[in-house]
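# An overview of the molecular structure
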Amino acid sequence: MGTTLPPRYDPGSIEKALYEEWEERGYFHADPQRVLEGRRDSYVIVIPPPNVTAVLHMGHGLNNTIQDVLIRWRRMQGREALYLPGTDHAGIATQNVVERLIADEGLTREDLGREAFVERVWAFVEETGSTILEQLRAIGCSCDWTRTRFTLDPGLSSAVREVFVRLYEKGLVYRGEYIINWCPRCLTALSDEEAEGEESNGRLVHLRYPLREPVAGVELPTLPDGRQYVVVATTRPETMLGDTAVAVHPEDERYLGLVGAHVELPLTGRSIPVVADAYVDPSFGSGAVKITPSHDPNDFELARRHDLPGRNVMTPDARMNENVPPEFQDLDRFEARARVTDALSKLGLIDRTEDHTYTIPHCYRCHTVVEPRVSLQWFVRMKPLAEPALAASRDGRVRFTPERHLAVYENWLENIRDWCISRQLWWGHRIPVWYCRASTCGHMMVAREDPDRCAQCGSTDLEQDQDVLDTWFSSWLWPFSTLGWPETSDDVPAFYPGHALVTAQEILFFWVARMIMAGLEFMGEVPFRDVYLNGTVRDMQRRKMSKSLGNGIDPLEVVRLYGADALRYTVIDAQGLGTDILMDPENLDDTFATGRNLANKVWNAGRFILMNVEGESVADPRADDVPLELADRWILSRAAAAAAEVTRQLEGFRFHEAADAVYHFFWGELADWYVELVKHRVRDDAEPASRAAARATLVAAFDQALRLLHPIMPFITDALWRRLPVPAGRTREASLMIASWPEPGGAPRDHDAEAQMGALMELIGTIRTLRSEYDAPPAALIRIHLANVSGALQAALRAEDRALHRLARVEQVDIGGNGAQGAGAHAVLRDGTELFVPLAGMIDVDRERERLTRELQRLDQQLQAALVRLDNQDFVRRAPVDVVEREREKAASFRDQRERLAVKLAALGEA
């Protein structure tokens, strides 16, 4: 008997071929008819579509592995599991990439023109856009590739137009001038969520604004020429050139007589009014603030309340424009900051400067400092959409894991602002709005289909809006646009709503909340029931892995070195609920050791089992005529317990706990205990009935372990499972990935067997520990004495007496009586059983006593030295806290070691 299984596991030799077979056989494909006809319940996850320019990184590796674990598990449970893949056109990111490519040719997008530039982008996307999807195959993602979608596909574009028009018709889409976040590098508007705040160290400059005319009754400082002045503070002195007012709090007694007066705006020759507004914080700075409506969102709102004009002082690329004095025109905003500050200083109008730490928004794509800018843009009114989404979380229709994210989600919805959806780009969904250019008309049309003439005057001279829609405007429709909406299809009723969304917490607002709003608005139901927000992959310094830091790990390199299963198990095992994952990019061997070692252990266990059962006829171990022994009953019961535990943890999105449960069952119980317990029973010369029971149980237990492990480690489990014999009278699927999941309660628990084997395993483990502690020769047979033996252990000793001999090298067991005499080691088991292991004759007792005595003396000296230092109050008071704490830890360690050695010495007959 034997097996052709290679002695070493080589993932490269099985993974690619096995994946291709799964895909060719259609195992990933979800059939809507089986759902619509009631034959199966669906289970749907839509992939967070990666950018079409992206390549796989460890964040993708974690996120997509979690999704695939859920899909494979539910598929095995008999659900019609749809894992829907696709990519996002990523407006800003993709356009930036192509602009850099054509810059190498000495060209700009304006040189090419809009149509030619968009053609270049399409060519780039068609050449590289599927890269990351191919890479997802390498880590085993079982996506239904026949349904691969792209956010600029014709069907999804139709959905985007439909949504825009519906919202416009409902009064929820509007066009207006408003202050928005503007990226001077990308030359486009950004939503509030796309302007990422970064803490920065800067300078707070306090400026003196002279009053145009003296104001009686107000105590203000004066300049050398006698003019009164007001102090205002800013971190951006260049924007003062666009000030149109100074504001004070209406109840600030210092300035009550100042409201309505005017101050001179230095460097400009303009005078601006002083207004009163409750927005002003009287306790901050001087209590007076400069108002720059065109360059600050709070000032913009205040200006609207007081009917103040705006004054834009910057070009789109953040250079000073024609609305500033000539000496500052065309300067970059940061250069202008220095020049303005210098000019004010020379005029004696700088009151003081101070260091100031504050948050500066940056473009989420190119990291340029964002500039607030008043601009004509398209917006979505969000409050009417947010209210149903808020209700859905509060009544439990949407659940968040970890739960703490629920409060963040609800807070954002409660304070939501309108969404700026227009982008000044060429790559993306063109806004479906047309303007009649007839001189006497100017009519605006919002249409689902491109119009050929003006609906008002009949002119054919039409121009479409130049802007495109925010990328997220297409991806917020992803859960249903990918199913064919707004067209009629079987996929929509079969697979909407979906079930789980697995994504990163950074896009909770960008994407998750907006998908919930869109689902409720256009489909009448939330798009998914559960939102699982996975952790972030970080290096050992807790920095987020990124290309710019050079601290990333390439998942494909990990697959090449250790296999996809090792990668998948490692990230799943590390994904504790609500925690980030720490990985060392400098030491891949250690980082992926857990997954790699488990794969090797599974392979070696499989080799041993197949060596003894492959090609054999095995029975169903639960058949009435199979004479199971205690170890057989125990491992089958533990398999049932493992199925219940793994299922429970997966249902709660506790991935580390699920991985740990199957690891403990396979390695800790099946491989380390059961296989060792039955090695002598599966040999050809073993007693036939015992041999048949052991082989049948071995196959059943390994089958169960492979099923439970398959969602996490699909390749190695399927490769081994296919070679297991099928119990007589039963049939089996062609692949483990479509085999049934071991449902909780599918097999009965044998609590008596678990109690008996638990007691025996503890006894064997304790004997092994004592032998190791006293350096007993590994091969030496020993005699043990037991007293107060529990009923469970007595039953186990009767049933598995050979296990003590084989696994603990025990040749005789004495129960009761006065056997516990002489030099030896004592222990008490959890069930109260007393264990005594005589050591005389097995070790040199006198020599061991001498060694232990010397070691005790050494520890006494070390402990005394540590205690002397800790008793020294000068040391405790003056030494660094961490030094004192280390000394306390050393003293505690010496004391603990001494107590344990004293116990051992006493066991050898020396007090």
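Attention here is on the structure that accompanies the text. Nothing here was measured: the structure is a model prediction, and the numbers come from that model.

About the thresholds
Residues numbered from 1 in each chain as written. Predicted model: local features only at pLDDT ≥ 70, side-chain atom pairs only at ≥ 80, totals over all residues. Heavy atoms only, no water. Helix = DSSP H or I, 4+ residues; strand = E, 2+ residues; numbered from the N terminus. Rg over C-alpha atoms; globule rule 2.2 N^0.38 Å. Contact = heavy atoms within 4.5 Å. Areas by Shrake-Rupley, 256 points an atom, 1.4 Å probe, with all protein chains shown as cover. Lys, Arg positive; Asp, Glu negative; His and termini not counted. Charge placed at Lys NZ, Arg CZ, Asp CG, Glu CD. Salt bridge = Lys/Arg side-chain N within 4 Å of Asp/Glu carboxyl O. Buried < 20%, exposed > 50% of the residue type's maximum accessible area, 1.4 Å probe, protein only. Axes fitted to C-alpha atoms, helices over the stretch in contact; angles between N-to-C directions. Parallel < 35°, antiparallel > 145°, perpendicular 65-115°, else oblique. Left-handed = near helix turned anticlockwise from the far one by under 90°. Nonpolar A, V, L, I, M, F, W, Y, C, P; charged D, E, K, R; others polar. Core = buried A, V, L, I, M, F, W, Y, C linked by side-chain atoms within 4.5 Å. Pairing = 2+ DSSP bridges. Disulfide = S-S within 2.5 Å. Expected span 1.5 Å × (residues − 1). Arc of directions from axis to C-beta.

In terms of helices and strands, the chain carries 30 helices and 29 strands. For 911 residues, the compact-globule estimate of 2.2 N^0.38 gives 29 Å, and the chain exceeds it by more than 25% at 37 Å. Intrachain contacts of the chain at a sequence separation of at least 6 include 77% that bridge at least 24 residues. With an accessible surface of roughly 39800 Å², the chain has 47% of that area assigned to carbon and sulfur atoms. Across the chain, 104 positive and 138 negative side-chain charges occur, with their mean positions spaced 3 Å apart.

The next subject is the pattern of salt bridges. Taken as a whole and assessed by the stated rule, the structure comprises 73 salt bridges. Put simply, Arg-227 and Asp-225 hold a salt bridge, and the shortest N to O gap is 2.9 Å. We classify Arg-227 as partly exposed; its relative accessible area is 31%. Residue class for Asp-225 comes out exposed when judged on its relative accessible area of 52%. Residues joined by salt bridges that share partners form a network here, namely Glu-21, Arg-25, Asp-718 and Arg-722.

For the pair helix H23 (residues 688–709) and helix H24 (residues 714–721), interaxial distance at closest approach is 9 Å and the crossing angle is 150°. Taken as axis vectors, H23 and H24 run roughly antiparallel relative to one another. For the crossing formed where H23 meets H24, the hand is left-handed. Side by side, H23 and H24 meet where Phe-702, Asp-703, Leu-706, Arg-707 and Leu-709 of the first sit next to Thr-717, Leu-720 and Trp-721 of the second. The residue makeup of the contact of H23 with H24, split by class, is 5 nonpolar, 1 polar and 2 charged.

Turning our attention to the nonpolar core. In terms of nonpolar packing, the biggest core is built from 211 residues, with Phe-164, Phe-473, Trp-476, Ile-516, Met-517 and Phe-666 touching the most fellow members. Of the residues forming this core, the biggest block, 15 residues, is contributed by helix H22 (residues 655–678). With residues near it in sequence (within four places) discarded, Trp-476 still touches Val-163, Leu-167, Leu-385, Trp-419, Trp-511, Arg-514, Met-515, Ala-518 and Phe-522. In terms of nonpolar packing, the next biggest core, distinct from the first, is built from 37 residues, Leu-207, Tyr-229, Phe-328 and Ile-350 among them.

Relative to strand E11 (residues 270–276), strand E9 (residues 245–248) runs parallel, the two sharing 3 bridges. Looking at the pairing, Val-248 lines up with Ala-276 of E11. Of the strand pairs in this sheet, strand E10 (residues 262–265) and E11 are connected by 4 bridges, and their pairing is antiparallel. Paired with His-262 across the two strands is Pro-273, which belongs to E11. The hairpin turn running from E10 into E11, its antiparallel successor, is 4 residues long, and Leu-267 in that turn takes a positive phi close to 75°.

Covalent bonding between the sulfur atoms of two cysteines is what defines a disulfide. Taken as a whole and assessed by the stated rule, the structure comprises 0 disulfides. No disulfide involves Cys-186; its sulfur sits 3.7 Å from that of Cys-183, the nearest cysteine. Free of any disulfide, Cys-436 has its nearest cysteine sulfur in Cys-457, 3.6 Å distant.

Now for the sheet that holds strand E5 (residues 173–183). Here we have 4 strands laid out as an open sheet, ordered E6-E5-E14-E16, and antiparallel in their pairing. The open sheet is flanked by strand E6 (188–190) and strand E16 (419–420), the only strands paired with a single partner.

Moving on, we get to helix H21 (residues 630–651). Along an α-helix, residues three or four apart share an orientation, since each turn contains 3.6 residues. Along its 22 residues, H21 runs 32 Å from first to last C-alpha, staying within 8% of the 32 Å computed at 1.5 Å per residue. The buried fraction of H21 is high, at 17 of 22 residues. Downstream of H21 by one or two residues, Phe-653 has phi in the positive range, about 55°.

Right, let's get into helix H1 (residues 15–24). Buried within H1 are the following residues: Glu-15, Leu-18, Tyr-19, Glu-21 and Trp-22. Along the axis of H1, the buried positions cluster into a sector of 160°, meaning they face one direction only. For H1, the exposed residues set more than 90 degrees away from the buried face come down to Lys-16 and Glu-24. Buried-residue contacts for H1 involve helix H3 (58–76), helix H7 (131–138), helix H17 (555–562), helix H18 (564–574) and H24. Immediately beyond the C-terminal end of H1, within one or two residues, lies Gly-26, with a positive phi of roughly 75°.

It is worth spelling out the sheet that holds strand E15 (residues 399–401) at this point. Taken together, the 3 strands give an open sheet; going across it, the order is E15-E23-E22, and neighbouring strands pair in parallel fashion. Each having just a single partner strand, E15 and strand E22 (500–504) make up the two edges of the open sheet. Averaged over neighbouring strand pairs, the angle between their axes works out to 20° when direction is ignored. Bridge count for E22 against strand E23 (residues 530–534) is 5 bridges, and the pairing is parallel. Residue Ala-500 lies in a different strand from E23, and its bridge partner there is Asp-530.

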